[in-house]
Amino acid sequence: MKLVFWLLDINPKVDEDTFELWLWGIDSEGNRVLLVERNFAAYFYVVLHGGANPDVVIQEIMESYAVEVAKTEVVSRRFFGKPVTAIKVTCKNPTKTAQVAKELRKLNGVSDCLEDDIRAAMRYLIDNGVVPCGWHEAEVAEEPNTQKVRVYGVFSLLSSPKPLDNPNVPRLRTLAFSMVCYSHEGTPKPDRNPTVLISTVASNGEEHQFVADKNNNDKQLLNDFNAYIKKFDPDVIVNYGGNATDWTYLKSRSHKHNLKLDFDRAGFEPHTSVYGHVSVTGIVNVDVADFSDMFPEVKVKTLANFAEHLGVGAAGSGVVEDVLVAEYWDNPKKRPELERFSLESARRVYGVGELLVDFAMQMAGLTSLPLDHVMTAATGFRVDWYLVKLAQKIGELVPRRLEQQYISYTGGLVLSPKPGLHDNIAVLDFKSMYPNIMITYNISPDTYIEPDQPDPEGGSYKAPEVGYRFRKTPPGFYKEALTYLINIRGELRQKMLALNPKTVEYRILDARQKAVKILTNAIYGYAGWVGARWYIKPVAEAASAWGRHIILTASQLAQQAGLGVVYGDTDSLFINYDKAKVDQLQKDIKVELKLDVEIGEVYKRIFFTEAKKRYAGLRQDGTLDVVGLEVIRGDWAEVAKQVQEHVLEIILKEQTHKNAVSYVHSVVSDLRHRKLPLDSLIIWKTLTKPPEQYAVRAPHVEAAKLLLEKGWRLGSGDKVGYVVVAGKGALNRRVKPHVFAKLDEIDVDYYVTNQVLPAAARILEFFNVTQKDLEKTTKEEKTKSLSEYF
DNA sequence: GCATACGGAGTACCA
DNA sequence: ACTGGTACTCCGTATGCG
């Protein structure tokens, strides 16, 4: 019979003598189904040395390895663009490809074995064009549910599924949860601290809270939570931090009570798998924390901040800091607040999931990485898999990831800004500069010509400065990848124009074009990543060399056209806006450099200091665009950022600093009188390694150590929020984690001298007001309070 | 013995 | 755990002065 299904997840199922691939899906009637593939044959390639005779090598393979090898076949492939003869070796046991390949590498005539490092599930998806989060049709036979998996029906696949062109997503059952663990000794540890509260929000509208008993025993809670998931039977479980914390914690707690956390669709427990994601058989586990890198505007990546940024949940509703959880739990008056926070957290998780899972599904489809780990995988690995798919299509063998030394190279060119205020400045941007350079000059690992090789018949492109050459023909691997991505995005955006943005279809297309854009823009970076399967250093080097040449040439063309260049960075030029001249310049650039430039923002007025990568512009609509300055940095106190932003607004709008100076005075006065909330004084910094590994006693590290002393676990990647308190000694001995600090112990002078005034003076210096001037006047003047100022 | 200068460590930004 | 270019603070020691 034929079965139409949408692919939710795939996992290998290995028993002693059987190897199956389990494809979890939803059929066109909305039933949850399991399709079992028993005909998967794993293989790898044996690449031969130049003169080697494939038949001789095959004979040797069959003599020594007949036990493991099911089949051999001589095939023609390419490797880094060059034709190679290879032997496709199919293994009897799919779990042993890497092992057999390792042995065969030792044979005479064999230069290498390739693709033995591609996991069975990925091999299957890529070879058959089966797509995670996509619809398929397959010939199947229903079979008894001997494994007692919790689905509507089990089917064996009689042929590999064929992808269908249907962008729709079936109605999924989604469950979000958030947990609270009880500890007086810092970070909760599963061997000693119970989970006292779990809140859930489900796509059917149900909300639940599972609560530990009077003695804080969590046995019943865990049992009920597990049973509830089984009963609701979600397709997708959403959480925040589940990969790093929640699942192992809950599993550990369950085991402590001799319970199993076996809610999945096959009776297994959650387990950590590739890229560090937690896999739940038959269900997609999505950790929305994995999306946080997509939003650099959110500096402190808590669930509440993240949700607020996305407009999810009740804005400004109370947050209970980790440090206070135990206190709230113990206090009957405060516990309801913690309970509300927990439920609100589950709602936030659910809401964030609703907004972002569309994107993840599209990224899964593009890369073939299943939904449960496509967002856990780093950008480089997503590009890797996208390219593996393309390689399979064009017969290019997939290189292994090699351990090799990294040597950095020269990147983009940054022009020095002309300090001060400028009126009417246009930003000229090269559209997708690196992708287009790579397409135009056919820069790719398979078109690179080694320095000792002659130019090929079709000729070559030679990169400026570095001199690397690339074949003009045929089109390289990257050119094909990029052209396809750019075209598909164009088509998607075209289709979107005809749709109402409120429709589901529009939303899906928008998610897809975003995924395509992100992948496109990552390919240049990937090319320069030493871990890339197709890493060839000159590829990235040549692209950036062309980039520098292009921006420099464009800058010269602008000046020749009589357009002053006030700044430029990598792929942008800031020039005086004279419409006729700029239009002409655009055309000249296209002719001269073969690349499109577009006019981006046209600022009414813009302000530069002497520093590169830092400026503030006044847009046509009167809003401010601040770039690089303290205003948009996460490691300055809010009070300093606000002061600088307002100073910028005044000087950009009024073109004089007079009011800015009195404004600074008023804030300093408020600060000295402690009229500002403690929150505005927190400085957040990230730990980039374990605290004990630091060479110097940096303030945030000292603050982290104070938290560690109280049992809070902090490590690489964690943000530390601290304030500076009054007292004796060096700054790094006067820091306090913000959760322990009170407003009246703050070192006000530090905030005036090292936060507010430097941020203000950075701008005001160009109006001949130095920090010293500000210091003097703030001390002398009887200043107005902030409220009077407004 | 103390203030200041300066290089290195550390972080976060722009493209 | 995709790239390089850049600004900036703070630490900690070297340096200079008295």
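Residues numbered from 1 in each chain as written. Chains lettered and ligands numbered in written order. Predicted model: local features only at pLDDT ≥ 70, side-chain atom pairs only at ≥ 80, totals over all residues. Heavy atoms only, no water.

**Student:** Can you help me understand empty space enclosed by the protein in this one?
**Tutor:** To find the voids left in a structure, one rolls a probe of water-molecule size over its atoms. Within this structure, the stated rule accounts for one cavity of 30 Å³ or more. Volume-wise, the largest cavity comes out at about 40 Å³. For the largest cavity, the full set of lining residues is Asn 243, Asn 285, Val 286, Asp 287, Asp 290, Phe 291, Leu 371, Asp 372, His 373, Met 375 and Thr 376. Contributing elements (two or more residues each) for the lining of the largest cavity: strand E17 (284-287) and helix H9 (371-374). Taken together, the residues of the lining of the largest cavity break down into four nonpolar, four polar and three charged. (1 Å grid on protein atoms, 1.4 Å probe; cavity = no way out; pocket = protein on both sides within 12 Å on 5 of 7 lines; lining within 4 Å. Points joined across faces, edges and corners; volume = space filled by probe spheres on them. Helix = DSSP H or I, 4+ residues; strand = E, 2+ residues; numbered from the N terminus. Nonpolar A, V, L, I, M, F, W, Y, C, P; charged D, E, K, R; others polar.)

**Student:** What's the story with the sheet that holds strand E30 (residues 735-737) in this structure? I'm lost.
**Tutor:** Pairing between the strands of a sheet is mediated by backbone hydrogen bonds and can be parallel or antiparallel. As summarised here, the arrangement of the three strands in space is E28-E29-E30, forming an open sheet in which the pairing is antiparallel. Because the sheet does not close on itself, it has two edges, and the strands there are strand E28 (683-686) and E30. Neighbour-to-neighbour, the strand axes of the sheet open up by a mean angle of 40 degrees, direction not taken into account. For strand E29 (residues 719-724) and E30, the ladder comprises three bridges, and the chain directions are antiparallel. Paired with Val 723 across the bridge in E30 is Lys 736. Against the sheet, helix H18 (residues 699-709) engages E28, E29 and E30, with an angle of about 50 degrees to E30. (Pairing = 2+ DSSP bridges. Axes fitted to C-alpha atoms, helices over the stretch in contact; angles between N-to-C directions. Contact = heavy atoms within 4.5 Å.)

**Student:** Can you walk me through the packing of helix H16 (residues 638-654) against helix H17 (residues 658-672) in this structure?
**Tutor:** For any two helices packed against each other, the geometry is given by the interaxial angle and the distance between the axes. Direction vectors running N to C along H16 and H17 enclose 165 degrees, while the axes themselves pass 9 Å from each other. In this view, H16 runs roughly antiparallel relative to H17, as classed from their interaxial angle. Remark: the crossing between H16 and H17 carries right-handed chirality. Residues Val 639, Gln 642, Val 643, His 646, Val 647, Ile 650 and Glu 654 of H16 pack against Asn 659, Ala 660, Tyr 663, Val 664 and Val 667 of H17. Looking at the contact of H16 with H17, its residues break down into eight nonpolar, three polar and one charged. (Parallel < 35°, antiparallel > 145°, perpendicular 65-115°, else oblique. Left-handed = near helix turned anticlockwise from the far one by under 90°.)

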